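# Breakdown of the fold
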Amino acid sequence: MSNILFPPSLKPGDRIAVISPAGTVTEEQLKKGLALIEANGYEAVPGKHLYTDYRHGYNFAGTEQERADDINWALNSEDISAVWTSRGGYGCQHLLQHIDVTKFLQKPRWYIGYSDNTVIQSYLLQHGFASIHAQTIKTSGFGVSESGYSLTFDILKGKIPDYDIDVNPYNRPGTAEGLLVGGNLALIYALMGTTYSFNFEDKILFIEEIGEKYYALDRMLMALELAGVFSQIKGLIVGGMTLMEDETENPNYEDSFDDFSFQVIAHRIKKYDFPAIFGFPNGHIFDNRPLIIGAHVYMSAGDEVSVKMNN
């Protein structure tokens, strides 16, 4: 097993901080997600700048300092037991040089989010802590799968899910085990060459993406290849690839698992011998089931396909 720490399970009545480390949100957009927290027996505690709208080339939830203040409050306050992000978008990279985990180290807590939050999850993993790559609060209002939230609450209670998923024709057979790293491919790519990048050696890499042109998808994959990532990893899990290329040109534009995106990925990794699972239900898709970044993962691709996580 790994030496990565899983934060402690939550107890009924524990307080969950809700923050916006990147893009702005409205109260209406979070209403359903906040109600889910309360319905599961916890208290949702909004960050000071949860609904702030600061426009500076993008609609951020506050200035860099305001968002940094909120994430540091959420990570370090003694009375907070988990941190759930409102959304992704863009802006989490601004916070990396300002995060303070002094008190978090004494009282770690789960950090929950995906998309732009990938960079925060890489930061936490570098400090030895697992986090949950799962639905944000805002997405609850999109009509997404209820299992994405129920399984996340299971993790908060100490129950780690195992997954058996459908066989995909792009799968590469085999088994592998290792620490799970990754998240949104654009953010993995954006961290390359920085001190905040994931360490890929002997890891299981997970990737998902939304709204990219096919050439841009290949450019990011090519960067990983040139950086030696595919020579280092022990296995690859590919999640949602959706809203790819142009809506008028891609008949699979709204599919959760865009076929040509899978072709692009399969082509880029064909010279390597690690196993790969395509079509894992996680990402910017309807059925977004939680993965634990920093979990020890056992993956198997064959006539049956499974992903099992442990600490």
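Described in the following lines is the structure provided in the data block. (Residues numbered from 1 in each chain as written. Predicted model: local features only at pLDDT ≥ 70, side-chain atom pairs only at ≥ 80, totals over all residues. Heavy atoms only, no water.)

Before going further, it helps to examine helix H4 (residues 147–156). Three or four residues apart is the spacing at which side chains of an α-helix point the same way, because the helix has 3.6 residues per turn. Counting buried positions over the 10 residues of H4 gives 7, a clear majority of the element. Backbone geometry just downstream of H4 places Gly158 in the positive-phi region, at approximately 100 degrees. (Buried < 20%, exposed > 50% of the residue type's maximum accessible area, 1.4 Å probe, protein only. Helix = DSSP H or I, 4+ residues; strand = E, 2+ residues; numbered from the N terminus.)

Our focus in this paragraph is the nonpolar core. Ranked by internal contacts, the top residues of the largest apolar core, which has 100 residues, are Trp110, Leu205, Ile207, Phe230 and Leu236. The residues contacting Leu236, other than those within four sequence positions of it, are Leu205, Ile207, Ile265, Ile269, Phe274, Pro275, Ala276, Ile277 and Met299. (Core = buried A, V, L, I, M, F, W, Y, C linked by side-chain atoms within 4.5 Å. Contact = heavy atoms within 4.5 Å.)

Among the structural elements, Gly148 can be located in helix H4. Judged by its relative accessible area of 0%, Gly148 falls in the buried class. Sequence separation of Gly148 and Ala134 is 14 residues, and the distance between their C-alpha atoms is 7.0 Å. With residues up to four places along the chain from it excluded, the contact list for Gly148 reads Gln135, Asn288, Arg289 and Pro290.

A word on unusual backbone geometry. Across residues other than glycine, the phi torsion is negative in most instances, and most of the peptide bonds are trans. With phi around 55 degrees, Leu243 is a residue other than glycine that occupies positive phi space. Tracing the backbone through its elements, the reader meets Leu243 in the loop between strand E11 (235–242) and helix H8 (259–269). Not every positive phi belongs to a glycine, and Glu245 is a case in point at roughly 60 degrees. Structurally, Glu245 can be placed in the loop between E11 and H8.

Strands pair in a sheet through their backbones, by hydrogen bonds, and they do so in one of two ways: parallel or antiparallel. Within the open sheet, the 6 strands sit side by side as E2-E1-E5-E6-E7-E13. Their pairing is mixed. Looking at strand neighbours, the two that pair on one side only are strand E2 (43–46) and strand E13 (291–293), the edges of this open sheet. This sheet shows a mean twist of 25 degrees between the axes of neighbouring strands, independent of strand direction. Here strand E7 (residues 131–133) pairs with E13 via 3 bridges, running antiparallel. Residue pairing across strands places Ile132 opposite Ile292, the latter belonging to E13. Of the strands in this sheet, strand E1 (15–19), E2, strand E5 (82–85) and strand E6 (110–113) are in contact with helix H2 (residues 64–76), which crosses E1 at around 165 degrees. (Pairing = 2+ DSSP bridges. Axes fitted to C-alpha atoms, helices over the stretch in contact; angles between N-to-C directions.)

Turning our attention to the packing of aromatic side chains. In this structure the tally under the stated criterion is 19 aromatic pairs. Relative to Phe262, the ring of Tyr170 has its centre 6.0 Å away and its plane inclined at 80 degrees; by these criteria the two rings are edge-to-face. Separated by 92 residues along the polypeptide, Tyr170 in the loop between strand E8 (162–165) and strand E9 (174–184) and Phe262 in helix H8 bring together distant segments of the chain. Among the aromatic side chains, those forming a connected cluster through ring pairs are Tyr42, Trp84, Tyr149 and Phe153. Here the basic side chain of Arg172 rests over the ring of Phe274, its NZ or CZ set 5.3 Å away from the ring centre. (Phe/Tyr/Trp six-rings, centres within 6.5 Å; stacked < 30°, edge-to-face > 60°. Lys NZ or Arg CZ within 6 Å of the ring centre and 35° of its normal.)

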